[in-house]
Amino acid sequence: MARARPVLSVDLGGGLRLRTPVLVASGCFGRELGHLIDLRKLGAIVTRSLTVQPQRGAPTPRMAQTPSGLVSETGLQNEGLDAFREDELPLLQKLGVPVIVSIAGRTVEDYVHLTVGADLMRGVGAVEANLCSPSRERDGRWFASSPEGAAEVAGAVSRLTRLPVFVKLSADTTTLAATAKACVRAGAHGLTLVHSLPAMAVDTATFKPRLAAVTGGLSGPAIHPIAVRAVYEVARALPEAPILGVGGVTSWEDAVELFLAGAWAVQIGTALFSNPGAAIDVTEGIQRFLRERGLSSPADLRGRMIEPEAPRVEVTQ
């Protein structure tokens, strides 16, 4: 008897239901992707991080390839909130794929302004608040670097929208679980884990940094184990909060690993630069795996990692 075809749809709560558990990560979707793959097979598209005003971004070169991923710094280049609403959003709405708007700012007021704007946009399914952005009020430190800073933004944003808010955090902190808890207590619907990690690369032929900005963020396979650990840590602390796992997903095995650690869905970013069909390949691989294991949906994998048994301690009299 043939096994039933697994259902790939994922309910993230807050009215956000996706056809598949595989999303395109922030900053990694380009219109040309629509000419290469069937976008209707994607779970959702996360926009590049929007700022209130247009930003030209970092000078070039912005990317440097390493043996295990990319070091990059775009400087949050984007056309700003108003231009996105008028020009890009109508095109995204025609794709038939849920759109999650990523926002970033240097002040809490920036996030508030962006959230109000996103809330008024038709066709937006959620907000992803990228808190790995330098704060003007905190001496340039990321909002995500402390529970207090992250919760301040999460609370302000969540109170101003009917949309589910996912807060994007970094694993480059010793307070990740505490920060995630503070964000959810403040009103965040879920978490996106993790942001790229601070990194740099140097050209040994010229003795110069390989990025014009000198430092950037490392993404790709190198950070995947870190993302798995982060998802596991936060999922244990907040088992009811939806988690979007992101970081070095290049195969269905990577995605399943994040599900087993506690993720509800996954985002793919860096892999798309070398394989535009990576998101579809991963989705099809997840479906095959579920069928082979007799599982009905990705939710059957969530948090199902088998913990090692604690060693027995024999007490001798």
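Relevant structure appears above.
Summary of the structure given here. All figures in this text were calculated on a predicted structure; none of them were measured in a lab. (Residues numbered from 1 in each chain as written. Predicted model: local features only at pLDDT ≥ 70, side-chain atom pairs only at ≥ 80, totals over all residues. Heavy atoms only, no water.)

## As for the overall build of the chain
Here is the rule we go by: A run of H or I in DSSP counts as a helix once it spans at least four residues, and a run of E counts as a strand once it spans at least two, with each numbered from the N terminus. Radius of gyration: over C-alpha atoms. The globule rule applied is 2.2 Å multiplied by the number of residues raised to the 0.38 power. Only protein chains enter the accessibility calculation, which uses a 1.4 Å probe; a residue is then buried when its area is under 20% of its type maximum, exposed when over 50%, and partly exposed in between. In this description, contact between two residues means that some pair of their heavy atoms is separated by no more than 4.5 Å. Note on areas: Shrake-Rupley, 1.4 Å probe, and residue coverage restricted to the protein chains presented here. Note on charges: Lys and Arg go in the positive column, Asp and Glu in the negative column, and His and the chain ends are not counted at all. Charged groups are reduced to one reference atom each: NZ for lysine, CZ for arginine, CG for aspartic acid, CD for glutamic acid.
If you tally the helices and strands in the chain, you get eight helices and 16 strands. The C-alpha atoms of the chain give a radius of gyration of 20 Å, which matches the 20 Å a tight globule of 317 residues would have. Each principal axis of the C-alpha atoms in the chain carries an extent, and together these give about 65 × 55 × 50 Å. Out of the 317 residues in the chain, the part that is buried amounts to 53%. The long-range fraction of contacts in the chain, counting pairs at least 24 apart against all pairs at least 6 apart in sequence, stands at 69%. Total accessible area on the chain is roughly 15300 Å²; 52% of this is exposed by carbon and sulfur atoms. Between the averaged position of the 32 positive side-chain charges in the chain and that of its 31 negative side-chain charges there is a distance of 3 Å.

## Concerning the packing of helix α6 (residues 252–261) against helix α8 (residues 278–293)
Relative orientation and spacing of two packed helices are given, respectively, by the angle between their axes and the distance between those axes. Under the convention used in this document: Angles here are taken between N-to-C directions and fall from 0 to 180 degrees, while the axes themselves are lines fitted to C-alpha atoms, restricted in helices to the stretch in contact. Whether a crossing is left-handed or right-handed is set by the direction in which the near helix is turned from the far one by less than a right angle, anticlockwise for left-handed and clockwise for right-handed. As a working rule, the residues Ala, Val, Leu, Ile, Met, Phe, Trp, Tyr, Cys and Pro are called nonpolar, Asp, Glu, Lys and Arg charged, and the rest polar, with Gly in that last group.
Orientation of α6 relative to α8, taken along the N-to-C sense of each, is 65°, at an axis distance of 8 Å. Both α6 and α8 take part in a crossing whose hand is right-handed. On the side of α6, the interface is formed by Trp252, Ala255, Val256 and Phe259, while α8 contributes Val282, Gly285, Ile286, Arg288 and Phe289. A class-by-class count of the residues in the contact of α6 with α8 yields seven nonpolar, one polar and one charged.

## A few points about the nonpolar core
Cut-off, in case you're wondering: Each nonpolar core is a collection of buried residues, namely Ala, Val, Leu, Ile, Met, Phe, Trp, Tyr and Cys, held together in the definition by side-chain atoms within 4.5 Å.
Counting residues in hydrophobic clusters, the biggest one holds 100 residues, and the most contacted among them are Leu42, Leu131, Val167, Leu169, Leu191, Leu193 and Ile268. Ranked by residues supplied to this core, first place goes to α8 with seven residues. In this structure Leu42 touches Arg19, Thr20, Val22, Val24, Ile37, Val97, Ala279 and Ile280, once residues within four positions along its chain are discounted.

## Things to note about the pairing of strand β14 (residues 215–219)
Our working rule: Strand pairing is defined by DSSP finding a minimum of two bridges between the two strands.
Most of β14 sits inside the fold, with four of its five residues counted as buried. Two elements, strand β6 (residues 69–72) and β14, share three bridges in a ladder whose sense is antiparallel. Each bridged residue has a counterpart across the sheet, and for Leu70 the counterpart in β14 is Ser219. Sheet topology places strand β11 (residues 197–200) next to β14; four bridges connect them, and they run antiparallel. When the sheet's bridge partners are listed, Met200 is paired in β14 with Thr215.

## A closer look at unusual backbone geometry
Residue Thr60 is joined to Pro61 through a cis peptide bond whose omega torsion reads 0°. Relative to the elements of secondary structure, Pro61 occurs in the loop between β4 (44–46) and β5 (63–66). Leu193 connects to Val194 through a cis peptide bond whose omega is 15°. Within the element layout of this structure, Val194 appears in the loop between β10 (190–193) and β11. For Leu76, which is not glycine, the phi torsion reads 55° and is therefore positive. Its location among the elements puts Leu76 in the loop between β6 and α1 (81–93). Among the residues examined, Leu76 registers a relative accessible area of 25% and is labelled partly exposed. Positive phi is not limited to glycine here, since Val214 has a value of about 75°. Topologically, Val214 is positioned in the loop between β13 (208–209) and β14.

## Some thoughts on the packing of helix α5 (residues 224–237) against α6
Rules: Should an angle lie under 35 degrees it is considered roughly parallel, over 145 roughly antiparallel, and from 65 to 115 roughly perpendicular; all remaining angles are considered oblique.
Taken N-terminus to C-terminus, the directions of α5 and α6 make an angle of 25°; their axes are 8 Å apart at the nearest point. Compared by their axis directions, α5 and α6 come out roughly parallel. Crossing hand, α5 versus α6: right-handed. Contact with α5, carried on its side by His224, Ala227, Val228, Val231, Tyr232 and Ala235, involves Asp254, Glu257, Leu258 and Ala261 of α6 and no other residues of that element.

## Some thoughts on the sheet that holds β5
As summarised here, the arrangement of the four strands in space is β5-β6-β14-β11, forming an open sheet in which the pairing is antiparallel. Two strands lie at the open edges of the sheet, namely β5 and β11, each paired on one side alone. Shown here is a sheet whose adjacent strand axes are inclined to one another by a mean of 40°, direction ignored.

## Thoughts on the state of the cysteines
To keep things clear, this is the line we draw: Here, two cysteine sulfur atoms that lie within 2.5 Å of each other are counted as a disulfide.
One pass over the structure, following the stated rule, counts zero disulfides. Cys28 carries a free sulfur, and the closest cysteine sulfur to it, the one in Cys132, is 14 Å from it. The thiol of Cys183 is not disulfide-bonded; the next cysteine sulfur, from Cys132, is found 10 Å away.

## What to know about the pattern of salt bridges
Test applied: The salt bridge definition used is simple: a Lys or Arg side-chain nitrogen within 4 Å of an Asp or Glu carboxyl oxygen.
Summed over the entire model, instances satisfying the criterion amount to six salt bridges. Across the pair Arg40 and Asp38 runs a salt bridge, and its minimum N-O distance is 3.1 Å. Residue classification places Arg40 among the exposed positions, given a relative accessible area of 55%. One salt-bridge network, in which partners are shared between bridges, spans Asp82, Arg85 and Glu86.

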